[in-house]
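Coordinates in review
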Amino acid sequence: MDMVFNEHNKDEFPPAHTAEHLLNQTMIRMFGCERSKNAHIERKKSKISYILDRKPDRKAEREIERTMNELIEQDLPVSFEYVDRDNIPEDVSIDRLPEGATDTIRLVRIGDYDVCPCIGKHVRSTAQIGRFEILGTNWDEHEHSFRIRYKVVQ
C-alpha cells in the first residue's frame, strides 16, 4: 500500500521501537498508567518515562523485565491496519496524533497484546526484538515519574 502519511522525522531501530510498544502496554497493565509521553528510543540504549502513583520496587522491576521477555519469546505477530479516523477502535487513543494528521490512521497491532497508532518502523514478530534488559531506573518523587533505561540484545 503506497499511502503518504504524516511527516516522520525519526529513524527508529525497529527492535527497540517495537519493544517500546510492548513496554507501554505492560506498564498500563501492571500499573494502570498511560502510555509514555517521554521516550527516547535508540539502538544502544533507550529511555522511557511513566507517571505512576508510586515507585515500583525491585520485585516489580524484575517482573517488568520477565514479562517483556516472555512476550518477546511468544513470537507475537506485528501487523498493520489502516483505518479511517471515524472508525478507530474504542480502545485506541488518538490524542497524541499531530495536528493535521491524515484521515487514514495506521494502527500497529502486536498479537492481541497491544494496538496503537504509529507510523514508525517495527519488526515482523516479537522474537526479532531479542532479549530485553533493564539497565536501570530512576524515580522522581515530585513528578511521580518512573524512568526506565533499557536495551535490546540481539
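Up top is the structure.
Residues numbered from 1 in each chain as written. Predicted model: local features only at pLDDT ≥ 70, side-chain atom pairs only at ≥ 80, totals over all residues. Heavy atoms only, no water.

Moving on, we come to the sheet that holds strand S3 (residues 78–84). Pairing in this open sheet of three strands is antiparallel, and the strands run S3-S4-S5 from one edge to the other. Looking at the sheet topology across the chains shown, the edges are occupied by S3 and strand S5 (114–117). The average angle at which neighbouring strand axes cross in this sheet is 25 degrees, direction not considered. For strand S4 (residues 104–110) and S5, the ladder comprises four bridges, and the chain directions are antiparallel. Each residue of the ladder has a partner; that of Val108, found in S5, is Cys116. (Pairing = 2+ DSSP bridges. Helix = DSSP H or I, 4+ residues; strand = E, 2+ residues; numbered from the N terminus. Axes fitted to C-alpha atoms, helices over the stretch in contact; angles between N-to-C directions.)

Counted by the stated rule, this structure contains zero disulfides. Cys116 provides the cysteine sulfur closest to Cys33, a residue in no disulfide bond, and the two sulfurs are 14 Å apart. With no disulfide of its own, Cys118 lies closest to Cys116 among cysteine sulfurs, the gap being 5.6 Å. Since its relative accessible area comes to 13%, Cys118 is described here as buried. (Disulfide = S-S within 2.5 Å. Buried < 20%, exposed > 50% of the residue type's maximum accessible area, 1.4 Å probe, protein only.)

Looking at where His17 falls in the secondary structure, it is placed in helix H1 (residues 14–31). Overall, His17 belongs to the buried group, its relative accessible area being 7%. In terms of polar contacts, His17 uses its side chain to reach the side chain of His122, at 3.2 Å. Leaving out residues up to four positions away in the same chain, His17 has contacts with Glu12, Ile41, Cys118, Gly120, Lys121 and His122. (Polar contact = N/O pair within 3.5 Å; in protein donor to acceptor, adjacent residues only side chain to side chain. Contact = heavy atoms within 4.5 Å.)

Just distances and angles here, no functional claims.
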